[in-house]
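Okay, here's what each chain looks like letter by letter:
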Amino acid sequence: MKKLLTIIGARPQIIKAAALSHTIREKFSSQIQEKILHTGQHYDNNMSQVFFDELDLPTPDYNLGVGSGSHGHQTAMMIEGIEKVLMTEHFDGIVLYGDTNSTLAGAVAASKLHIPIFHVEAGLRSYNMSMPEEVNRMVCDQLSSILFAPTQTAVNNLIKEGFETIHPTFKDGTTRKICLSGDVMYDNAQRFAKIAEQRCDITKRLKLEAKQFILATIHRPSNTDDSSKLALIFKALANIASQEKAQVIIPLHPRTAKLIDQEKAIFGNILSSPYFRIIPPVSFLEILMLEKNAKLVMTDSGGVQKEAFFFETPTVILREETEWVEIVEHGAGILAGADYCKIVDAYHKLANSTIKYPPLFGNGHAAETIIKSIIAHE
Ligand code: UD1
Ligand code: UDP
């Protein structure tokens with residue numbers, strides 16, 4: 001029996017963890033024991049607990065309650081808390097997801113204690129070093145024993161960085177491995193979209209007609225650290241909405257809500273568009289239904305642009321670059337940054353194109369591939 005510690009902290013990681021957690025409980029409970037550590041990076045009910053309840057995740061064995069703070073402070077508190085846990089209880093490995101400060105903290109704490117790191121969503125790159133996530137994912141990849149790449153692009157990125165030619169040896173005598181696993185979020189979309197169809201009435205509650213509304217999510221620092229950029233995005237959205245007479249549903253991330261609250265003079269007027277429906281962050285089943293039924297998605301989220309692709313909904317990507325380049329290459333997404341004209345142009349281009357959505361993100365069994373590979377790790 002291998003004992004693993006799954007470390008999560010931010011909304012997308014709690015959701016991603018559901019794929020492995022369910023697969024372990026359903027198929028591998030005699031070979032893997034999983035414990036969960038929540039750093040507490042996200043803590044509002046609608047950014048954390050709602051996902052444990054809805055996705056049937058066990059209550060974390062550890063919750064560090066770290067909360068918000070500067071990068072250094074937040075990461076340091078997490079490293080200290082994770083180290084304590086890893087020093088008091090034996091684990092055969094830790095599972096880390098993605099690229100948040102919780103990922104970075106887990107990687108630093110475990111690597112210094114010589115505990116193998118299994119990194120899910122390895123190899124993604126934006127090649128933009130001003131993104132905190134780029135720093136986190138590059139460090140975590142370097143320290144990981146198995147790098148679970150969701151796409152061939154991610155594998156290629158790792159090869160370009162020498163991961164197949166340079167073989168650092170860990171204390172247990174193993175070297176790093178790359179595994180093209182597919183994307184656990186594709187597993188999750190398949191599993192939970194069916195449940196969402198049965199249980200979730202968000203489109204009815206909001207009185208939305210299928211393919212008649214736009215879904216928008218915005219939270220990246222590149223768009224929310226500068227109020228003039230965020231204002232341009234909202235102005236472009238308001239222009240499109242009034243031309244198309246389409247509602248824009250905006251489940252607002254707390255980071256974005258904070259900026260709007262601080263800059264009421266700038267945003268009060270822009271956000272008064274009768275087409276805008278600003279709502280608190282929604283649950284996973286609810287966002288799946290919104291992504292599936294939207295005419296188009298506008299987002300700077302990594303997870304949301306991909307889920308939109310799974311549901312064959314085109315996406316204006318509110319960033320200068322994306323780690324999910326396949327979406328852009330297949331014409332299902334257009335990079336528009338926070339540029340007013342590019343956003344409006346991208347909307348019209350996508351709304352008037354016929355787009356193909358091939359299965360680019362695995363076969364829906366990424367979690368099983370990952371667990372088998374962890375079990376085989378010696
Ligand atoms: C973090 C991740 C980002 C990920 C995002 C998912 C890092 C560096 N960034 O960004 O990669 O895409 O999560 O949503 O790890 N806040 C609340 N309530 C909460 C959580 C946050 O009000 O439950 C507010 C606080 O004001 C906080 C701000 O949001 O300062 C930012 O939170 P933080 O966790 O630092 O980063 P995110 O922007 O959420
Ligand atoms: N999500 C959600 N409710 C929302 C917005 C997003 O459940 O109101 C989900 C979304 O479906 C995706 C994940 O959160 O699975 C993405 O998280 P986020 O956009 O915060 O971060 P990113 O993916 O950019 O790191």
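The notes below deal with the structure included here. (Residues numbered from 1 in each chain as written. Chains lettered and ligands numbered in written order. Predicted model: local features only at pLDDT ≥ 70, side-chain atom pairs only at ≥ 80, totals over all residues. Heavy atoms only, no water.)

1. As for the site of ligand 1
In the region of ligand 1, 20 residues are neighbours, and His-42, Glu-133, His-219, Arg-220 and Arg-255 sit closest. In this structure, Asp-44 approaches ligand 1 through a main-chain N or O atom, which is 2.9 Å from an oxygen atom. His-219 has a polar side-chain atom sitting 2.8 Å from an oxygen atom of ligand 1. Here ligand 1 has 750 Å² of accessible area as a free molecule, and 88% of this is covered by the chains. (Near = heavy atom within 4 Å. Polar contact = N/O pair within 3.5 Å; in protein donor to acceptor, adjacent residues only side chain to side chain. Areas by Shrake-Rupley, 256 points an atom, 1.4 Å probe, with all protein chains shown as cover.)

2. Topic: the state of the cysteines
Scanning the model with the defined rule gives 0 disulfides in all. As a non-bridged cysteine, Cys-140 has Cys-179 as the owner of its nearest cysteine sulfur, 15 Å distant. Judged by relative accessible area, which is 0%, Cys-140 ranks as buried. (Disulfide = S-S within 2.5 Å. Buried < 20%, exposed > 50% of the residue type's maximum accessible area, 1.4 Å probe, protein only.)

3. Here we look at helix H16 (residues 340-351)
Here H16 contains 12 residues, and its C-alpha end-to-end distance of 17 Å stays within 8% of the 16 Å for a straight helix at 1.5 Å per residue. All buried positions along H16 are accounted for by Ile-343, Val-344, Ala-346, Tyr-347 and Leu-350. Angularly, the buried residues of H16 cover 160 degrees about the axis, an arc narrow enough to put them on a single face. Turned more than 90 degrees off the buried face of H16, the exposed positions are Asp-345 and Lys-349. Next to the buried residues of H16 lie strand S8 (214-217), helix H10 (227-244), strand S11 (296-299), strand S12 (315-317) and strand S13 (333-335). A side-chain oxygen of the first residue of H16 lies 3.0 Å from the backbone nitrogen of Cys-341; this N-cap is Asp-339. (Helix = DSSP H or I, 4+ residues; strand = E, 2+ residues; numbered from the N terminus. Expected span 1.5 Å × (residues − 1). Arc of directions from axis to C-beta. Contact = heavy atoms within 4.5 Å.)

4. Notes on the side chain of Asp-183
Mapped onto the secondary structure, Asp-183 falls in the loop between strand S7 (177-180) and helix H7 (184-199). From its side chain, Asp-183 meets the backbone nitrogen of Met-185 in a polar contact 2.7 Å long. Only 2.6 Å separates the side chain of Asp-183 from the side chain of Lys-306, close enough to count as a polar contact. Once residues lying within four places of it in the same chain are set aside, the contact partners of Asp-183 are Pro-150, Lys-306, Trp-324, Phe-361 and Ala-366.

5. Describing the packing of aromatic side chains
Under the definition given, this model contains 8 aromatic pairs. With centroids separated by 5.8 Å and ring planes inclined at 65 degrees, the aromatic side chains of Trp-324 and Phe-361 adopt a geometry described as edge-to-face. Taken together, the residues Trp-324 in the loop between S12 and helix H15 (325-329) and Phe-361 in the loop between H16 and helix H17 (366-376) connect sequence positions 37 residues apart. Classification of Trp-324 by relative accessible area gives buried; the value is 3%. Connected via pairs of aromatic rings, a cluster forms that spans Tyr-186, Phe-309, Phe-310, Trp-324, Tyr-357 and Phe-361. A cation over an aromatic ring shows up here: Lys-3 above the ring of Phe-91, its NZ or CZ 5.1 Å from the ring centre. In this structure, Lys-306 packs its charged tip against the face of Trp-324, placed 4.0 Å from the ring centre. (Phe/Tyr/Trp six-rings, centres within 6.5 Å; stacked < 30°, edge-to-face > 60°. Lys NZ or Arg CZ within 6 Å of the ring centre and 35° of its normal.)

6. Remarks on the pattern of salt bridges
It is possible for side chains of opposite charge to pair when their charged atoms get near one another. Applying the stated criterion across every chain, the model contains 21 salt bridges. Across the pair Glu-244 and Lys-295 runs a salt bridge whose closest N-O atoms are separated by 3.3 Å. Placement of Glu-244 in helix H10 and of Lys-295 in the loop between helix H13 (284-293) and S11 is noted, with a sequence separation of 51 residues between them. Given the relative accessible area of 30%, Glu-244 is considered partly exposed. Given a relative accessible area of 30%, Lys-295 falls into the partly exposed group. One continuous salt-bridge network, built from bridges that share partners, spans Asp-99, Glu-134, Arg-137, Arg-319, Glu-321 and Glu-323. (Salt bridge = Lys/Arg side-chain N within 4 Å of Asp/Glu carboxyl O.)

7. Side note on the sheet that holds strand S4 (residues 93-97)
Strands sit in the order S3-S2-S1-S4-S5-S6-S7 across an open sheet of 7 strands; the sheet is parallel. Only two strands of the sheet have a single neighbouring strand rather than two, namely strand S3 (62-63) and S7. Sheet topology places S4 next to strand S5 (residues 117-120); 4 bridges connect them, and they run parallel. Across the sheet, residue Leu-96 finds its bridge partner in S5, namely His-119. Against the sheet, H17 touches strand S1 (2-8), strand S2 (32-38), S4, S5, strand S6 (146-149) and S7, its axis set at about 170 degrees to S6. (Pairing = 2+ DSSP bridges. Axes fitted to C-alpha atoms, helices over the stretch in contact; angles between N-to-C directions.)

Everything listed here is a matter of geometry and, on its own, says nothing about what the molecule does.
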